[in-house]
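# Inside the fold
Listed here are the chains, written in short residue letters.
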Amino acid sequence: MNQSITGAEALMRSLQAEGVKTIFGYPGGSIMPVYDALYDYTRGEKKAFDHILVRHEQGATHAAEGYARVSGEVGVAIVTSGPGATNTLTGVADAMIDSTPIVVIAGQVPISALGTDAFQEVDLVGVAQPISKWSYQIRRAEDIAWAVSRAFFIARSGRPGPVVLDFTKNAQTERVDFKPEKVDFARSYQPYPKLDAEAVRAAADLINHAQKPLALVGQGVELAGAQDELTAFLEKADIPAGRTMLGLSALPSTHPLNAGMLGMHGNYAVNLKEQECDVLIAIGMRFSDRVTGSLKTYARQAKVIHFDIDKSEINKNVRADVAVVADCKTSLPAVTALLQKNSHTAWRASFKPLDEQERVKVIEPAIHPTAGPLLMGEVVNAVAEATQGDAVLVTDVGQNQLFATRYFRYPRRRSLCTSGGLGTMGYGMPAAIGATFGAPGRTVCCFMGDGGFQMSIQELGTIMEQQAPVKMILLNNNYLGNVRQWQDMFWNRRKSFTRMMNPRYELIARGYGIPYEALTDRSRLAAAVRQMLATPGPYLLECAILEDDDVLPMTPPGANVDQMMLEI
């Protein structure tokens, strides 16, 4: 029997029907009816959700992203109208470009006030439409069940992404005879394209005749849950594989076919070999400019096979000779079935001298220095060794991100949360909070620079209140380090407004009741990391880093991908 309930309660029941367990949010006037309903659903017999009160609405979206990345579920954020809603837009854009499934539910003024410039009124649907998979305004309580189900269907299906629901206040307070709905179809939206058998045969034929095949593995493999299918594909044809930054945990770091990280600050051998391979196999990746370098010269010698669920990515940046448009959990096994068992021993061996050059010139000096101030690489390596590769890595953006992703370990899937396409400073701490709720049994290590840390420093309040066990490693070099490196390399060392005056982080940590240690001496590094990991709950480890510590290798912006620099 249908029950007459408020629209706010209908939202609660609709979220329950979608399996939501955790909500990140911040209340306000235009979302107050929802928060009143939420009160009963976070305690007592009705308890269905954990609500995490963030300290800024942007933090809610990044926390929802972190939750989604490690759990594979849809992250949920609830905020109020006007500035509350616009504060989420950076997170929405971040989720869009990185294909992260989140649903943002924002309050809105009643329909009677729409278009009047009412207090805290913003055309959220209009603003969010270009940066979301779907944005929709709920104007009637009777539309809530359908809109919520459709939002989750769109967010999680096909190539995942963010959905924004603009929830008018009148729809929250109106009464409705609620009946749950299940949306699994949307006209003109085909999340799972039909696999083309001819494309499968053409891809298999190219791979079977390749002498120097190279796979480029992106996050699409993780999003599809196709890690096992990827491994079977690579092993049958003996194909070395580079991974994009977001695809790092799609293939275990220790796998013999792992050729390293792609991109501007990736590994030397795999980047150079993109310009030598005869068949380039892109799997769930979008040929970002940070991977390709100059498109004019990129992989011109190679036949290109592009596996992707999103047809719009095909031929967008790099022309594909064969396009396999489908979910790679389906397409990879189909191609694997047609592959001949192969061996490319000499081709894979040709990577080793280049790997050795990088090890001697870059890696060993970065992770095992013998003198001078602490380096970012050695701190990351120490944490990676102490966690034995079992931790979730979360990073902010900048040099901390590049060092951390290079030197961490990824034996387990869904082990990385970072802002790839948008490069959002301030992402790290709230995403790490979300990750602790999305993967409660795993250690969450969050590397941040002093710049990004201060962009979301208010979320220490969320960590304090929740006692979220985020192990925060602050790599403090008193600079906006990545910009400083570019200024040194390309702008005649004119360090224009990149030096930071920093607060005393010890006092800030003490104010939030978070255990803290300042590390200045590498002789204490291993012990300090052990202490951090052994301490229950959150921890802040501030490391005093060499101010001009540079990330290498590096492909200069606009250069060819094989023009990587091992030294400056």
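Read on for an overview of the structure. (Residues numbered from 1 in each chain as written. Predicted model: local features only at pLDDT ≥ 70, side-chain atom pairs only at ≥ 80, totals over all residues. Heavy atoms only, no water.)

Broken down by element type, the protein chain carries 24 helices and 20 strands. Its C-alpha radius of gyration of 24 Å places the protein chain within 12% of the 24 Å reference for a compact globule of 568 residues. The C-alpha extent of the protein chain, read off along each of the three principal axes, is 70 × 60 × 45 Å. Looking at the protein chain as a whole, 59% of its 568 residues qualify as buried. A sequence separation of at least 24 residues applies to 77% of the contacts in the protein chain between residues at least 6 apart. Counting only carbon and sulfur atoms, one obtains 51% of the accessible surface of the protein chain, whose full area is about 22500 Å². The positive charge centre, built from 55 side chains, and the negative charge centre, built from 60, are 2 Å apart in the protein chain. (Helix = DSSP H or I, 4+ residues; strand = E, 2+ residues; numbered from the N terminus. Rg over C-alpha atoms; globule rule 2.2 N^0.38 Å. Buried < 20%, exposed > 50% of the residue type's maximum accessible area, 1.4 Å probe, protein only. Contact = heavy atoms within 4.5 Å. Areas by Shrake-Rupley, 256 points an atom, 1.4 Å probe, with all protein chains shown as cover. Lys, Arg positive; Asp, Glu negative; His and termini not counted. Charge placed at Lys NZ, Arg CZ, Asp CG, Glu CD.)

A few words now on the side chain of Thr405. Within the element layout of this structure, Thr405 appears in helix H18 (residues 399-407). The class for Thr405 is buried, based on a relative accessible area of 2%. Among the polar contacts made by the side chain of Thr405, one reaches the main-chain carbonyl oxygen of Gln401 at a distance of 2.7 Å. Setting aside its immediate chain neighbours within four residues, Thr405 contacts Met245, Leu248, Met261, Leu393, Thr395, Tyr410 and Leu416. (Polar contact = N/O pair within 3.5 Å; in protein donor to acceptor, adjacent residues only side chain to side chain.)

Turning to the nonpolar core, a few remarks are in order. Formed by 69 residues in total, the largest nonpolar core has its most connected members in Leu280, Phe287, Tyr298, Phe408, Phe447, Ile473 and Cys543. In terms of residues, this core owes the most to one element, helix H17 (residues 376-387), which gives 6 residues. Residues within four places of Cys543 in sequence aside, it is in contact with Leu374, Val379, Ile473, Leu474, Leu475, Asn476 and Leu519. (Core = buried A, V, L, I, M, F, W, Y, C linked by side-chain atoms within 4.5 Å.)

Moving on to the sheet that holds strand E14 (residues 322-325). Spatial strand order, E11-E10-E9-E12-E13-E14: 6 strands in an open sheet with parallel pairing. With partners counted over all chains shown, the strands left at the sheet margins are strand E11 (258-261) and E14, one partner each. Direction aside, the axes of adjacent strands within the sheet are offset by 20° on average. As paired elements, strand E12 (residues 279-283) and strand E13 (residues 303-308) share 5 bridges and run parallel to each other. Among the inter-strand pairings, Leu280 is bridged to a residue of E13, identified as Val304. (Pairing = 2+ DSSP bridges. Axes fitted to C-alpha atoms, helices over the stretch in contact; angles between N-to-C directions.)

Moving on, we get to the sheet that holds strand E6 (residues 134-138). An order of E3-E2-E4-E5-E7-E6 is seen for the 6 strands of this open sheet, with the pairing classed as parallel. Of all the strands in the sheet, just strand E3 (50-53) and E6 have a single pairing partner and so form its edges. Averaged over neighbouring strand pairs, the angle between their axes works out to 20° when direction is ignored. In terms of strand pairing, strand E4 (residues 75-79) meets strand E5 (residues 102-108) through 5 bridges, oriented parallel. Across the sheet, residue Gly75 finds its bridge partner in E5, namely Ile102.

What follows covers the pairing of strand E15 (residues 392-395). Going residue by residue along E15, you find Val392 and Val394 tucked away on one face and Leu393 and Thr395 tucked away on the opposite face as well. In this structure, E15 lies alongside strand E17 (residues 444-449), joined through 4 bridges in parallel fashion. Bridge pairing links Leu393 to Cys445 in E17. Pairing of E15 with strand E16 (residues 416-417), which is carried by 2 bridges, proceeds in the parallel orientation. Residue pairing across strands places Leu393 opposite Leu416, the latter belonging to E16. In this fold, the crossover linking E15 to E16 by way of H18 has right-handed handedness. (Right-handed = clockwise from strand over helix to strand, strands pointing away.)

For the structure shown, the criterion picks out 32 salt bridges. Salt-bridge contacts for Lys212 lead to Glu276; the nearest nitrogen and oxygen are separated by 3.2 Å. Of the two residues, Lys212 is situated in the loop between helix H9 (197-208) and strand E9 (213-217) and Glu276 in the loop between helix H12 (268-273) and E12; the sequence distance between them amounts to 64 residues. Put simply, Arg493 and Asp488 hold a salt bridge, and the shortest N to O gap is 3.6 Å. Accessibility expressed as a relative area gives 13% for Asp488, which makes it buried. Here the salt bridges share partners, and the residues they tie into one network are Arg484, Asp488, Arg493, Lys495 and Asp550. (Salt bridge = Lys/Arg side-chain N within 4 Å of Asp/Glu carboxyl O.)

Here helix H3 (residues 57-71) spans 21 Å end to end across 15 residues, near enough to the 21 Å set by a 1.5 Å rise per residue. The element H3 is extensively covered by neighbouring structure, given that 13 of its 15 residues are classed as buried. Just downstream of H3 lies Gly72, where phi reads positive at about 80°. (Expected span 1.5 Å × (residues − 1).)

The values are spatial; any link to function lies outside them.
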